[in-house]
Amino acid sequence: MATLPRASKSPNATPQSSRILGRPVSESANSQALDFDTGINTSAAWTEHLEHGYASDPASGDEADQDVEEEQSRPARALYDFEGKAEFRELTVYAGDELRVVREELPDGWSLVKTESGETGLLPRTYYTFTSDFTTAPDVDVPPSRFRSKRREASDHDRTPRGSPTSEQAALPIIPQNTGEWFPSFKRSLLGGKSLNRFSAFVTSGAEEWVLNGAGDIDAEPPPTTHGRIASDASDDGMGRLSALGMGEADRHYVDSGPAWKAKIPPFRVIVHSPSKRSSVLSGAFTVYDLEDTDGEDDEEGPSTPRMTVSRRFSHFVILHTLLTRRLPGIALPPLPEKQYAGRFSDDFVEARRGDLERYINKIARHPIARYADILTAFLGCESDLEWKRLLNQHLSVPPSGPSFYARVFHPAFNVDAEDAAEAVERFDTHTRAVGKGVQALRNIFGRVREARVEMAKTERLLSYSLLSLITSRPLASAPTTGATEEDEQYNVKGKGLLNADGAWCWRENCEECLKLTKAMQKTSDTIQNVADLYEAHARRRQLDTHESLKGVAHPYSHYEGVITTHRSALSRYHEATSAEQPNEEVAGRCETVLNVTMAEMDTYHQQKVQDFGTLVKDHLDGEIEFYEQVLRRLRNARQAFDEPEYTELGTSPRQPSIYERELEHPRLGAEPLTQPCPHVYDSAPMRPVSVALQEGVGLFLGPTARGSVLGKLWPSRAAQSTER
């Protein structure tokens, strides 16, 4: 059994870094999170403070407000250095600074804090501790921090940050079908699908609070331990645990050797089908999907047995995703597809959305611990709308798990080695980035393969028309005739000698041989048309499904970026705890729990990757085999027309015109554009100028020329305005 190394307890040991003076790794070392540090979350916190905390800005110097503030504030001390952004009302403090916490609870993990110099601003809640309960040791003088002279200039009163969306931690009510962005491409084009929250996943998931402070008072749950370890020889029988623990089993998670999650229930499959459009007086029109959960994959004995069918709309999936994020903050949940505003009731989009939702819910059903979450059980098992709403209100009222999630994770003691964990996360980081790049290239190439199949269908049709034009002597419109001489083109297209009375391709009457040949060649021409239809249908249906399925394996790094960040931050905190002169065994043990969670998530990705890519390749090969078998059957059928006795029977009756002869003057060589998969939420796209986005948004109401719409009568076009002038 691998054991995390412990630092020497010798008094000569030198700490590598201080837990008091060192800034948390989640903020100082996580350059990935700072790439999107736009200050939007602090803007929301400051805006709420102004709306609910004060009638005026505290920087205005109102003495009455300052007196009230002084009475309500609590003394605190900064634990870590924090370099705030003055333009977003953030404070810059250093470890050991004396503070007054004016308001502790603000959105997105911020607090309103006042420094000794009288500067008021925002500071993360995890960067200070209250000192009101401290007992002062005798004859101990705390020297002032040597960094206190370094201050940033506060923002002036005229610069008020604008509001912004809140982060994942805010437990706000969810309004079905009325959330989302006005410009759906904004998140993909500007942020690549990433969150605007400036804090890393180590902070937002509650892992940092768990490592530093534990989970506080939670319900007693076996086995008794301070940081969620269980003996390696403990029973792992799921039903035994259930009977021993009773209610709340869905909130307790077990890690086996690997580390890997211990699944309590077998995986199951969910089928999303039969989308239908409905309407409501309150929310307007929406689409409802039927969901059936089955007891497993189809096998040789027959299809899996459906257990229950429920109806859910997209907003219900949003609620499910939000509640899973709150209850299971340490796992990597698959992203939901983006909200759609334009064309959301078209057949192509509804089918694409159905596939995206089916892939999403099956990702959840395949996750070892997400599959037995209470909210998922209610989501898939509650047929009554009234009961579903009642259960939904109960789940929404439950606060986010935060650090208590890690407190309910049980794993074998000392089962992770620090060096192995560090090497594992670096390998996982590199691998997921490479997989993401390779999958994006595959998605692009597969789109070209589909385009090539449509072009092949066009070529096959042209071949069919050319062959039919030959045996009927009817010219094919816009057909290339390179190499034909002037003598070849000088003939009477309505003259005799082109076809005989039986419709045979011959100048002689009653020619049975030419009649048989003409009818056999006409059958070949018709077969080639069928083959062209197969090519196009295959590109538009079966290959579209495969193209859509590739999104399920796209962007693994973006999907698991939070897991990687949490893993690295936990490793750093572990090294800090074990390298001090007096190692903190409790903090080190809680770091082990976080590392068990992150490494179990890496193992989950490994298992799902093997399944996903294997399924993708097998489905693609099955589709290609089925497609080419259909082509072969039709070609063999056409070839049999030249063999006896079918060939002789062709000469017993006159030739009937082909259904494709009427198309020779206007051949069907143009094809509609291929339906493309809906973009992945992490797909990047070129950012459009705001003016273009606004113009397109207005165009949704006014139309391209402001005609034919209700608002067009009130908004004349520029051309009309210039004419009037």
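As the structure is a computational prediction, the values presented were derived from the model and not from experiment. (Residues numbered from 1 in each chain as written. Predicted model: local features only at pLDDT ≥ 70, side-chain atom pairs only at ≥ 80, totals over all residues. Heavy atoms only, no water.)

Enquirer: What am I meant to see in helix α12 (residues 385-397) here?
Expert: The α-helix winds at 3.6 residues per turn, so residues separated by three or four positions along the chain end up facing the same way. Counted at 1.5 Å a residue, the expected span for α12 with its 13 residues is 18 Å, and the 18 Å between its end C-alpha atoms agrees. Taken together, the buried positions of α12 are occupied by W388, L391 and L392. Buried residues along α12 cover an arc of 110 degrees about the axis, so they all sit on one side. Facing away from the buried side of α12, by more than 90 degrees, are the exposed residues L386, K389, N393 and S397. Measuring from the side-chain oxygen of the N-cap residue of α12 to the backbone nitrogen of L386 gives 3.4 Å; that N-cap residue is S384. (Helix = DSSP H or I, 4+ residues; strand = E, 2+ residues; numbered from the N terminus. Expected span 1.5 Å × (residues − 1). Buried < 20%, exposed > 50% of the residue type's maximum accessible area, 1.4 Å probe, protein only. Arc of directions from axis to C-beta. Polar contact = N/O pair within 3.5 Å; in protein donor to acceptor, adjacent residues only side chain to side chain.)

Enquirer: Got a minute to help me understand the pairing of strand β10 (residues 284-294) in this structure?
Expert: Each regular strand shows side chains that alternate between the opposite faces of the sheet. Extensive coverage of β10 is indicated by the burial of 9 of its 11 residues. Bridge count for strand β9 (residues 269-280) against β10 is 10 bridges, and the pairing is antiparallel. Bridge pairing links V270 to D293 in β10. What sits between the antiparallel neighbours β9 and β10 is a turn of 3 residues. (Pairing = 2+ DSSP bridges.)

Enquirer: Got a minute to help me understand the sheet that holds strand β5 (residues 128-130) in this structure?
Expert: Remark on secondary structure: sheet strands pair via backbone hydrogen bonds, oriented parallel or antiparallel. Strand order across the open sheet formed by 5 strands is β4-β3-β2-β1-β5, with antiparallel pairing between neighbours. With one partner strand each, in any of the chains shown, β4 (120-124) and β5 form the two edges of the open sheet. Strand-to-strand twist across the sheet, computed as the mean angle between neighbouring axes with direction ignored, equals 45 degrees. Sheet topology places strand β1 (residues 74-78) next to β5; 3 bridges connect them, and they run antiparallel. Of the residues in β5, the one forming a bridge with A78 is Y128. (Axes fitted to C-alpha atoms, helices over the stretch in contact; angles between N-to-C directions.)

Enquirer: Before we go on, may I ask you to explain the layout of surface pockets in this structure?
Expert: Picture a little ball the size of a water molecule; that probe, rolled over the atoms, points out where space is still empty. Volume-wise, the second largest pocket comes out at about 1500 Å³. Around the second largest pocket, the lining is made up of 46 residues, and of these E358, R359, S549, T615 and D619 lie nearest the centre. Contributing elements (two or more residues each) for the lining of the second largest pocket: β8 (260-261), β9, α10 (347-366), α16 (512-549) and α18 (585-640). Per-class residue counts for the lining of the second largest pocket are 12 nonpolar, 13 polar and 21 charged. (1 Å grid on protein atoms, 1.4 Å probe; cavity = no way out; pocket = protein on both sides within 12 Å on 5 of 7 lines; lining within 4 Å. Points joined across faces, edges and corners; volume = space filled by probe spheres on them. Nonpolar A, V, L, I, M, F, W, Y, C, P; charged D, E, K, R; others polar.)

Enquirer: Can you walk me through empty space enclosed by the protein in this structure?
Expert: Within this structure, the stated rule accounts for 7 cavities of 30 Å³ or more. In this structure, the largest cavity spans a volume of roughly 390 Å³. Here the lining of the largest cavity gets 5 residues from one element, more than from any other, and that element is α18. Taken together, the residues of the lining of the largest cavity sort by class into 15 nonpolar, 4 polar and 6 charged. Two domains share the lining of the largest cavity, each providing at least three of its residues, namely domain 2 (252-295 + 307-400) and domain 3 (422-478 + 500-663). (Domains from an automatic or database assignment.)

Enquirer: Can you help me understand the packing of helix α11 (residues 374-381) against α12 in this one?
Expert: Helices that pack against each other are described as a pair by the angle of their axes relative to one another and the distance between those axes. Running from N to C, α11 and α12 point in directions that differ by 165 degrees, and their axes come no closer than 10 Å. When the axis of α11 is compared with that of α12, the two are roughly antiparallel. Relative to α12, the crossing made by α11 is left-handed. Mapping the contact onto sequence places D374, I375, A378 and F379 in α11 and W388, L391 and H395 in α12. Residues that form the contact of α11 with α12 fall into these classes: 5 nonpolar, 1 polar and 1 charged. (Parallel < 35°, antiparallel > 145°, perpendicular 65-115°, else oblique. Left-handed = near helix turned anticlockwise from the far one by under 90°. Contact = heavy atoms within 4.5 Å.)

Enquirer: What am I meant to see in the environment of I369 here?
Expert: Take I369: it is sitting in the loop between α10 and α11. Residues I369 and Y254, 115 residues apart in the sequence, show an inter-C-alpha distance of 8.8 Å. Contact partners of I369, with chain neighbours within four places excluded, come to H253, W261, I331 and F405.

Enquirer: Help me understand the confidence of the model for the protein in this model?
Expert: Low pLDDT marks regions whose predicted coordinates should not be analysed in detail. Scored by pLDDT, the protein has a mean of 75; 67% of the residues are at 70 or more. By mean pLDDT, the top-scoring element of the protein is α18 (95), and the lowest-scoring one is helix α8 (residues 238-245) (32). Here residues 219-247 is modelled with pLDDT under 50, and outside its nearest four sequence neighbours on either side it reaches 44 contacts, counting other chains as well. Confidence drops under a pLDDT of 50 for residues 704-725, and excluding neighbours within four residues, the segment shows 12 contacts in the predicted structure. (pLDDT = per-residue confidence, 0-100.)

Enquirer: Which parts of the structure should I look at to understand the nonpolar core?
Expert: Among soluble globular proteins, nonpolar side chains are generally buried collectively. Counting 62 residues, the largest nonpolar core has W261, L291, L324, I361 and F405 as its most contacted members. When residues of this core are assigned to domains, at least three fall in each of domain 2 (252-295 + 307-400) and domain 3 (422-478 + 500-663). Counting 21 residues, the second largest nonpolar core, distinct from the first, contains A78, V102, W110 and F130. (Core = buried A, V, L, I, M, F, W, Y, C linked by side-chain atoms within 4.5 Å.)

Enquirer: Quick question: what am I supposed to make of the packing of aromatic side chains here?
Expert: For any two aromatic rings, the description comes down to two numbers: the centre-to-centre distance and the angle of the planes. Going through the model one piece at a time under the given rule, you end up with 14 aromatic pairs. Arranged with centres 5.7 Å apart and planes meeting at 85 degrees, the rings of F428 and Y560 form a pair that is edge-to-face. Here the residue F428 occupies a position in helix α14 (residues 418-472), and Y560 occupies one in helix α17 (residues 556-579), the gap between them amounting to 132 residues. Neither F428 nor Y560 differs from the other in exposure class; each is buried. Measuring from centroid to centroid gives 5.2 Å for Y560 and Y605, while their planes differ by 65 degrees, and the two rings are edge-to-face. Highlighted residues: Y560 in helix α17 and Y605 in helix α18, separated in sequence by 45 residues. For the pair Y560 and Y605, a shared accessibility class is recorded, and that class is buried. The rings of Y80, F82, W110 and Y127 are connected pair by pair, giving a single aromatic cluster. (Phe/Tyr/Trp six-rings, centres within 6.5 Å; stacked < 30°, edge-to-face > 60°.)

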